[in-house]
Each structure stands twice: as C-alpha cells, then as structure tokens.
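# What the coordinates show
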Amino acid sequence: MISVRHLKKGFGGVQVLKDVNVEIGKGEVVSIIGPSGTGKSTFLRCLNRLEKPDSGTILVDGIDVTAPKADLAAVRRRMGMVFQNFNLFGNLNVLDNVKAAQCDILGTPKEVAARKALELLARVGLANKADALPDELSGGQKQRVAIARALAMDPEILLFDEPTSALDPTMVGEVLSVIKDLAKTGMTMLIVTHEMGFAREVSTRVLYMDEGIVYEDGTPDEIFSHPQKPKTIEFVGKVCLKHALDMMRLLREGILSDGRVDEIEAQMLLRLSEPFEHFGDGKLNRIAATLRDMLSDGVITEAESQQIAHILGGL
Ligand SMILES: Nc1ncnc2c1ncn2[C@@H]1O[C@H](COP(=O)(O)OP(=O)(O)OP(=O)(O)O)[C@@H](O)[C@H]1O
Ligand SMILES: [Mg+2]
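Here we summarise the structure given alongside this text. (Residues numbered from 1 in each chain as written. Chains lettered and ligands numbered in written order. Predicted model: local features only at pLDDT ≥ 70, side-chain atom pairs only at ≥ 80, totals over all residues. Heavy atoms only, no water.)

## Overview of the overall build of the protein
Along the protein, the regular secondary structure elements total twelve helices and ten strands. Going through the 315 residues of the protein one by one, you find that 50% of them count as buried. Within the protein, counting contacts between residues at least 6 apart in sequence, those at least 24 apart form 64% of the total. Looking at the protein as shown, the accessible area adds up to about 14600 Å², and 51% of this sits on carbon and sulfur atoms. (Helix = DSSP H or I, 4+ residues; strand = E, 2+ residues; numbered from the N terminus. Buried < 20%, exposed > 50% of the residue type's maximum accessible area, 1.4 Å probe, protein only. Contact = heavy atoms within 4.5 Å. Areas by Shrake-Rupley, 256 points an atom, 1.4 Å probe, with all protein chains shown as cover.)

And the structure:
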C-alpha cells in the first residue's frame with residue numbers, strides 16, 4: 001500500500017533522512033520509534049507531502065506522490081494526519097471542525113456532513129461536546145476531536161505524530177484507547193510515539209529510526225524484547241530504565257523513608273535493567289515479580305513490600 005524507496009530529505013545541508021526504504025501493507029499498524037531528531041516527523045510529513053523529499057520515491061497504491069504533478073489534495077485525502085498539538089480551528093466549534101473539510105474539500109452537503117460528524121464524535125466519546133469551542137475542551141478531548149476530524153475524510157491511511165505527547169498523563173489513556181479501537185477496524189496506521197507500552201500492544205510492526213534510515217524493523221516482540229542492533233538495544237534499554245525510574249518516582253510520593261527509597265531504587269534498577277520485558281501490561285507483572293524476589297532475598301521487609309504494592313495499585 002505504501003512503498004518508500006531511497007527517500008532522502010535534508011535541511012540546510014544536514015541530511016536528516018539518508019536512505020529510507022520500507023514497504024507497508026494494508027491494515028498494518030506500524031509504530032515508529034527512535035531518539036529525538038532522527039527524522040520521524042519528517043518521514044511522516046514526506047509521506048503526505050507536507051514536506052517535499054529531496055529524492056527517492058513514495059508510492060501509495062502505486063501512485064507516485066513525489067511526482068512533480070502529483071495531486072497533493074488527493075494524497076492528503078487518502079492519508080489523514082493527527083498532530084501532537086491537535087491543530088483544531090479555534091474559531092469553529094467541535095462539530096464544525098469535523099464538518100469543515102468534508103464540505104470544503106469533498107463537497108459533501110452540510111446536513112450529510114453534520115450527521116457524519118456527530119456519528120464520529122459519538123465514536124470518540126464526545127457526542128455531548130458538539131457545540132463546544134476547542135478552548136473549552138481538555139487536551140485529551142481536543143485530540144479525540146482531531147481524530148474524528150481526520151476520520152471524516154474516510155482516509156485509507158492515518159498518520160499520527162506523537163498524538164499523546166502534549167497531553168497531561170491522566171488523558172493519555174483516553175486517546176490511546178480511541179487509537180486502539182481504530183487499529184481493530186483494520187485501518188492502516190503509522191504512529192510516531194514515545195509510548196512504548198502502547199506501541200508494543202497496538203502495533204503489528206515497529207520501525208526503529210536512527211541514523212537517517214529505518215535502522216531496525218520487526219514485530220513488537222522482536223524490537224522490544226530481542227532487539228538485534230546496537231542502537232536499538234541502547235534505546236530500548238534506556239526506555240526500560242526510564243520506566244523503572246518513573247515507578248520509583250511514584251514510590252517517592254509514598255510513605256517509605258528517603259534512605260530506604262534510595263536503597264530499594266538502586267536494587268530495583270539493577271534487577272529491572274536486565275531483560276526488556278516490563279513494558280505495558282507486562283511492566284507491573286515484572287515489578288511485582290521483582291518485589292517478590294527482593295522480599296525473599298531479604299532486601300525489603302514484608303511491610304515495605306506491602307507499602308510498595310499498595311502505592312503501585314495492589315499488585
Ligand atoms: N522545517 C525544518 N527546517 C529546518 N530543520 C528542520 C525542519 N524540520 C525538521 N528539521 C530538523 O530535522 C531534524 C529531524 O527533525 P524531526 O522533527 O523529523 O525529528 P523527530 O525524529 O520527529 O524528533 P522528535 O522525536 O523530537 O519529534 C531535526 O534536527 C530538526 O531540527
Ligand atoms: Mg517529531
């Protein structure tokens with residue numbers, strides 16, 4: 001469905017995408033991960049031609065979107081995009097945000113567009129917000145409107161560029177669950193994300209981008225549990241440690257004394273940094289197992305183990 005060959009793109013003499021090659025089939029849910037500045041956004045933006053590639057070809061259903069005469073409006077109809085910062089029209093209410101492009105670009109009659117907009121708003125759980133202005137919504141609600149707006153064009157492909165990274169942590173879940181539901185419908189999706197647990201759970205495939213190329217390409221299990229190449233191993237390892245540290249930060253808010261937190265944190269980090277298996281749902285299990293080990297090894301007391309488990313939500 002999407003075939004990218006020898007894609008190159010630089011800015012001011014800096015080669016960001018050096019040679020990107022990838023084939024993506026219909027219905028694939030592809031997460032794109034990698035360090036900041038490696039060109040993940042640039043890659044998505046080249047696909048729907050918000051950015052003009054320097055060279056290479058991008059075929060979408062056999063049509064070369066890099067050709068000089070490519071019909072860019074048609075390309076973007078086919079590929080909806082959801083941005084980190086929502087990009088809603090601030091002067092239009094929610095319903096009109098979802099209606100606008102249907103009427104302006106597809107020429108859909110107003111009433112038909114409104115009916116469809118309401119259906120889509122219901123689908124993302126916002127039927128009761130149709131009359132609200134974007135400023136009256138939370139970040140999570142805004143992003144769900146943006147998803148409804150992208151869906152209103154009946155795209156064949158949806159591109160998401162870090163859809164949850166501008167959100168308060170309490171709202172990440174509601175947006176991810178809308179994306180998860182979409183994945184189940186067979187929509188072809190490319191998702192740039194730093195939410196590794198989500199990437200692991202929702203994707204059929206993960207691309208690790210680094211050094212201007214698709215550095216490693218595999219199933220979530222291959223990339224997260226058995227990464228093969230040095231940069232992928234380093235990146236995934238760092239993300240693991242960050243998860244463990246986030247957990248420890250939760251602990252710090254709890255009732256353990258500071259000295260004990262430091263000691264336990266050091267032990268947990270040591271034990272958690274070995275395998276890569278504590279992402280997503282597996283993460284809590286892994287931490288629970290680590291706590292049990294630490295208890296049986298006498299590193300923590302029964303009372304401390306219970307306090308920690310309590311803080312982590314009753315493991
Ligand atoms: N329009 C632009 N003009 C100049 N430089 C740009 C432009 N867009 C991107 N860049 C540069 O290209 C590089 C890749 O940027 P890009 O936003 O694609 O990275 P990214 O992988 O999405 O990073 P992040 O994870 O931080 O979003 C960066 O060094 C960035 O500064
Ligand atoms: Mg980016």
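Once the structure has been displayed, the description carries forward.
## As for the site of ligand 1
Taken together, the residues surrounding ligand 1 are Phe11, Val16, Pro35, Ser36, Gly37, Thr38, Gly39, Lys40, Ser41, Thr42, Glu162 and His194. Take Thr42: an N or O atom from its side chain is 2.5 Å from an oxygen atom of ligand 1. Between Glu162 and ligand 1, the recorded distance is 3.3 Å, taken from a side-chain N or O atom to an oxygen atom. (Near = heavy atom within 4 Å. Polar contact = N/O pair within 3.5 Å; in protein donor to acceptor, adjacent residues only side chain to side chain.)

## Section: the packing of aromatic side chains
Within the structure shown, the criterion is met by two aromatic pairs. Aromatic side chains Tyr208 and Tyr215 sit 5.7 Å apart centroid to centroid with 75° between the ring planes, which places their arrangement in the edge-to-face category. For the residue pair Tyr208 and Tyr215, the accessibility class agrees, reading buried in each case. Look at Tyr208 and Phe235: their rings are 5.2 Å apart centre to centre, the planes differ by 45°, and that puts the pair in the tilted class. Note that Tyr208 is positioned in strand β9 (residues 205-210) and Phe235 in helix α9 (residues 230-252), a separation of 27 residues in sequence. A single burial state applies to Tyr208 and to Phe235, both of which are buried. Taken together, the aromatic side chains of Tyr208, Tyr215 and Phe235 make up a single cluster linked through ring pairs. (Phe/Tyr/Trp six-rings, centres within 6.5 Å; stacked < 30°, edge-to-face > 60°.)

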